[in-house]
Amino acid sequence: MSDPLSATCHCGAVGITIPAAPDYLNDCNCSLCVTRGGLWGYFSPADVAITGGETRGYVRSDLKEAALSTHWCVRCGSTTHWTALDPAYDRMGVNMRLFDPEVYASVEIRRVDGRSWDG
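Residues numbered from 1 in each chain as written. Predicted model: local features only at pLDDT ≥ 70, side-chain atom pairs only at ≥ 80, totals over all residues. Heavy atoms only, no water.

J.: I'd love a proper account of the overall build of the chain, names of residues and values included.
T.: Along the backbone of the chain there are 2 helices and 10 strands. Element order for the chain, N to C, with α for helix and β for strand: β-β-β-α-β-β-β-β-β-β-α-β. Compactness check: the chain gives a C-alpha radius of gyration of 14 Å against a globular reference of 14 Å for 119 residues, within 12% of the reference. Seen through its principal axes, the chain has C-alpha atoms that stretch 40 × 30 × 30 Å. By the burial criterion, 37% of the 119 residues in the chain qualify as buried. Of the accessible surface of the chain, which amounts to about 6800 Å², a share of 50% is contributed by carbon and sulfur atoms. (Helix = DSSP H or I, 4+ residues; strand = E, 2+ residues; numbered from the N terminus. Rg over C-alpha atoms; globule rule 2.2 N^0.38 Å. Buried < 20%, exposed > 50% of the residue type's maximum accessible area, 1.4 Å probe, protein only. Areas by Shrake-Rupley, 256 points an atom, 1.4 Å probe, with all protein chains shown as cover.)

J.: Quick one: what's the story with the sheet that holds strand β1 (residues 5–8), residue by residue and with numbers?
T.: Within the open sheet, the 3 strands sit side by side as β1-β2-β5. Their pairing is antiparallel. Edge positions in the sheet fall to β1 and β5 (49–52), since each has one partner strand and no second. Along the sheet, successive strands turn relative to each other by an average axial angle of 20°, direction set aside. Note: strand β2 (residues 14–18) against β5, 4 bridges, orientation antiparallel. Each bridged residue has a counterpart across the sheet, and for G15 the counterpart in β5 is T51. (Pairing = 2+ DSSP bridges. Axes fitted to C-alpha atoms, helices over the stretch in contact; angles between N-to-C directions.)

J.: Account for the packing of aromatic side chains, with residues named and values stated.
T.: If you walk through the whole model with that rule in mind, you get 2 aromatic pairs. Ring plane angle 45° and centroid distance 5.9 Å describe the contact between Y24 and Y42, whose orientation is recorded as tilted. You can see Y24 sitting in strand β3 (residues 24–28) and its partner Y42 sitting in strand β4 (residues 40–43), a full 18 residues away along the chain. Judged by its relative accessible area of 17%, Y42 is buried. Taking NZ or CZ as reference, R91 lies 3.8 Å from the ring centre of Y42, over its face. A cation sits over an aromatic face here: R110 above Y24, 3.7 Å from the ring centre. (Phe/Tyr/Trp six-rings, centres within 6.5 Å; stacked < 30°, edge-to-face > 60°. Lys NZ or Arg CZ within 6 Å of the ring centre and 35° of its normal.)

J.: I'd like a rundown of the nonpolar core, residues and numbers included.
T.: Counting 14 residues, the largest nonpolar core has I16, I18, V48, V94, M96 and F99 as its most contacted members. Of all elements in the fold, only β2 and β9 (92–95) reach the threshold of two or more residues within this core. Setting aside anything within four residues of it in sequence, one finds M96 in contact with I18, P22, L25, L39, W40, G41, F43, V103 and Y104. The next biggest cluster of nonpolar side chains, apart from the first, holds 9 residues, and it includes W40, Y42, W82 and A84. (Core = buried A, V, L, I, M, F, W, Y, C linked by side-chain atoms within 4.5 Å. Contact = heavy atoms within 4.5 Å.)

What follows is the structure in structure tokens.
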């Protein structure tokens with residue numbers, strides 16, 4: 001088993017710890033991901049620790065059915081993670097751009113056409 005990996009937002013207020021590098025990353029081109037700068041690794045919420053400072057969430061109102069809340073640090077604005085609106089959905093996204101690029105250098109990056117999901 002590998003050691004957990006940790007990162008923080010730009011100002012250091014919000015910390016994120018994940019169990020290991022994800023199997024793959026999604027680089028989504030939807031209007032939200034492009035403007036928020038997310039490169040998403042996926043984990044069970046039970047395996048991720050969000051610590052420290054306050055985050056604020058945003059739920060898209062332009063979609064027919066919103067599925068997640070995207071969070072960012074209230075101090076520096078760094079996008080940190082997203083959580084599912086349905087608590088039964090055992091998955092959350094972590095913005096891997098907060099981590100040292102060496103953490104995900106060998107991880108497959110999948111280009112996702114999220115633009116097709118936009119309003």
